[in-house]
Amino acid sequence: MITIVENSIDLDSVVRSVEDPAAGGVVLFLGTTRQFTRGRETLSLDYDCYREMALAKMEQLAEQARQRWPIVRCSLVHRIGHLGLTEASVAVAVSTPHRADAFDAAEWLIDELKKSVPIWKKENWADGTSQWVHPGSESS
Amino acid sequence: MKVNVQLFAAARDAAGTKSVSVLLHNHGTVRDLRAALIQDYPQLAAWVGIARFAVNMEYAIDDTALSLSDDVAMIPPVSGG
């Protein structure tokens, strides 16, 4: 499952999408909305994306991961729009025959997603200002 | 040739619009596009310097030549996840 959604990520469906009799382990990573970044308070986040390209890049990452690890199934789901504290903006789920590969592949997938997939996060700070985050102004 | 450039996130806010267009000579490159954007849309200049450009949904290099039918987008540093 590779998708971009506007509402809450359905975690059950993400996990179900990687279930398989060949798998001995499932790793689910969630990126969630954090209240404090270097002492600065966040009230909420807004995400924007270049949807067609983001989906194409997510598909490419999944394919690259399949070439590096013995992945049975893998899913990438990103949420866009407005998110409150604690809500999940991204889900990465990987199933593999043995758990070590699932941990490694899931970590690689979220790291690469953050580098190359055209999605952007805006911090809505508690002081009333808002700011698009980019590496360097970093809060990701 | 006229090249339309899709804008997102900070660049969209800076320009106040979802896309802008510039005139380039035929076979103009991404490098030429950067220069034209800075000239025609100075409010985008800060972002043009640090953005990547996508041509037909793949990241391009500055030497990439553009053609009329290309889908071009300006990609400020990404911050998904």
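Scroll up for the structure.
As the structure is a prediction and not an experimental result, all values here were calculated from the model.

Another aspect to go through is the interface of chain A and chain B. Listed per partner, the contact involves 25 residues of chain A and 22 residues of chain B. Regarding the contact of chain A and chain B, the summed buried area is about 1900 Å², with carbon and sulfur atoms giving 59% of it. At the surface where chain A touches chain B, the tally comes to one salt bridge. Note that Glu58 of chain B and Lys57 of chain A form a salt bridge whose closest N and O atoms lie 2.9 Å from each other. Elements with a contribution of two residues or more to the side of chain A that touches chain B: β4 (40–49), α2 (51–68), β7 (88–96), α3 (99–116) and β8 (119–125) of chain A. The element contributing the most residues to the side of chain A that touches chain B is α3 of chain A, with five residues.

Residue and element names in this part refer to chain A. Across the sheet, which stays open at both edges, the four strands sit in the order β1-β5-β7-β2 with mixed pairing between neighbours. Strands with a single pairing partner mark the edges of an open sheet, and in this sheet they are β1 (2–5) and β2 (25–32). This sheet shows a mean twist of 10° between the axes of neighbouring strands, independent of strand direction. Summarising the sheet, strand β5 (residues 73–79) and β7 pair through six bridges and their orientation is antiparallel. The partner of Cys74 across the bridge, within β7, is Val94. In the packing of helix α1 (residues 11–18) onto the sheet, the strands contacted are β2, β5 and β7, and the crossing angle to β5 comes to about 155°.

So, about the state of the cysteines. Residues and elements named next belong to chain A. One pass over the structure, following the stated rule, counts zero disulfides over all chains. No disulfide involves Cys49; its sulfur sits 19 Å from the nearest other cysteine sulfur, which is in Cys74. Taking the relative accessible area as the measure of exposure, Cys74 reaches 5% and is therefore buried.

Let us look at the pattern of salt bridges. If you walk through the whole model with that rule in mind, you get eight salt bridges over all chains. Across the salt bridge formed by Arg79 of chain A and Glu87 of chain A, the nearest N and O atoms sit 3.1 Å from each other. As a salt-bridge pair, Arg34 of chain B and Asp62 of chain B come within 2.9 Å of each other at their nearest N and O atoms. Of the two residues, Arg34 of chain B is situated in helix α2 (residues 30–40) and Asp62 of chain B in the loop between β4 (58–59) and β5 (72–75); the sequence distance between them amounts to 28 residues. Of the residues examined, Asp62 of chain B reaches a relative accessible area of 27% and is grouped as partly exposed.

Our focus in this paragraph is the packing of α2 of chain A against α3 of chain A. Residues and elements named next belong to chain A. Here α2 crosses α3 at 145°, and the two axes come no closer than 10 Å. In the crossing of α2 with α3, the sense of the turn from one axis to the other is right-handed. Every residue of α3 that contacts α2 at Lys57, Met58, Leu61, Ala62, Gln64, Ala65 and Arg68 is listed here: Trp108, Leu109, Glu112, Leu113 and Ser116. Considered class by class, the residues forming the contact of α2 with α3 number seven nonpolar, two polar and three charged.

What follows is about α2 of chain B. Where α2 of chain B is concerned, the buried positions are Val30, Leu33, Arg34, Ala36 and Leu37 of chain B. On its buried face, α2 of chain B sits against β1 (2–6), β2 (19–23), α3 (45–48), β3 (52–55) and β5 of chain B.

Residue and element names in this part refer to chain B. With respect to the element layout, Asp70 can be found in the loop between β4 and β5. Despite its burial, Asp70 pairs with no opposite charge, the nearest such side chain being Arg34 at 15 Å. In this structure the side chain of Asp70 is engaged in a polar contact, spanning 3.0 Å, whose partner is the side chain of Asn56.

This paragraph deals with the environment of Pro135 of chain A. In this structure, Pro135 of chain A sits in the segment after β9 (130–132). Note: C-alpha distance between Pro135 of chain A and Thr32 of chain A (103 residues apart in sequence) is 18 Å. Every residue in contact with Pro135 of chain A, bar those within four places of it in the chain, is listed here: Pro77 and Val78 of chain B.

All right, on to the pairing of β2 of chain B then. All names here are of chain B. The two faces of β2 differ: Val20 and Val22 on one face are buried, but Ser19, Ser21 and Leu23 on the other face are not. Where β1 and β2 come together, five bridges link them in antiparallel fashion. Bridge pairing in β2 links Gln6 to Ser19.

Rules behind the numbers
Residues numbered from 1 in each chain as written. Chains lettered and ligands numbered in written order. Predicted model: local features only at pLDDT ≥ 70, side-chain atom pairs only at ≥ 80, totals over all residues. Heavy atoms only, no water. Contact = heavy atoms within 4.5 Å. Buried area = accessible area lost by both parts, 1.4 Å probe. Salt bridge = Lys/Arg side-chain N within 4 Å of Asp/Glu carboxyl O. Helix = DSSP H or I, 4+ residues; strand = E, 2+ residues; numbered from the N terminus. Pairing = 2+ DSSP bridges. Axes fitted to C-alpha atoms, helices over the stretch in contact; angles between N-to-C directions. Disulfide = S-S within 2.5 Å. Buried < 20%, exposed > 50% of the residue type's maximum accessible area, 1.4 Å probe, protein only. Left-handed = near helix turned anticlockwise from the far one by under 90°. Nonpolar A, V, L, I, M, F, W, Y, C, P; charged D, E, K, R; others polar. Lys, Arg positive; Asp, Glu negative; His and termini not counted. Polar contact = N/O pair within 3.5 Å; in protein donor to acceptor, adjacent residues only side chain to side chain.

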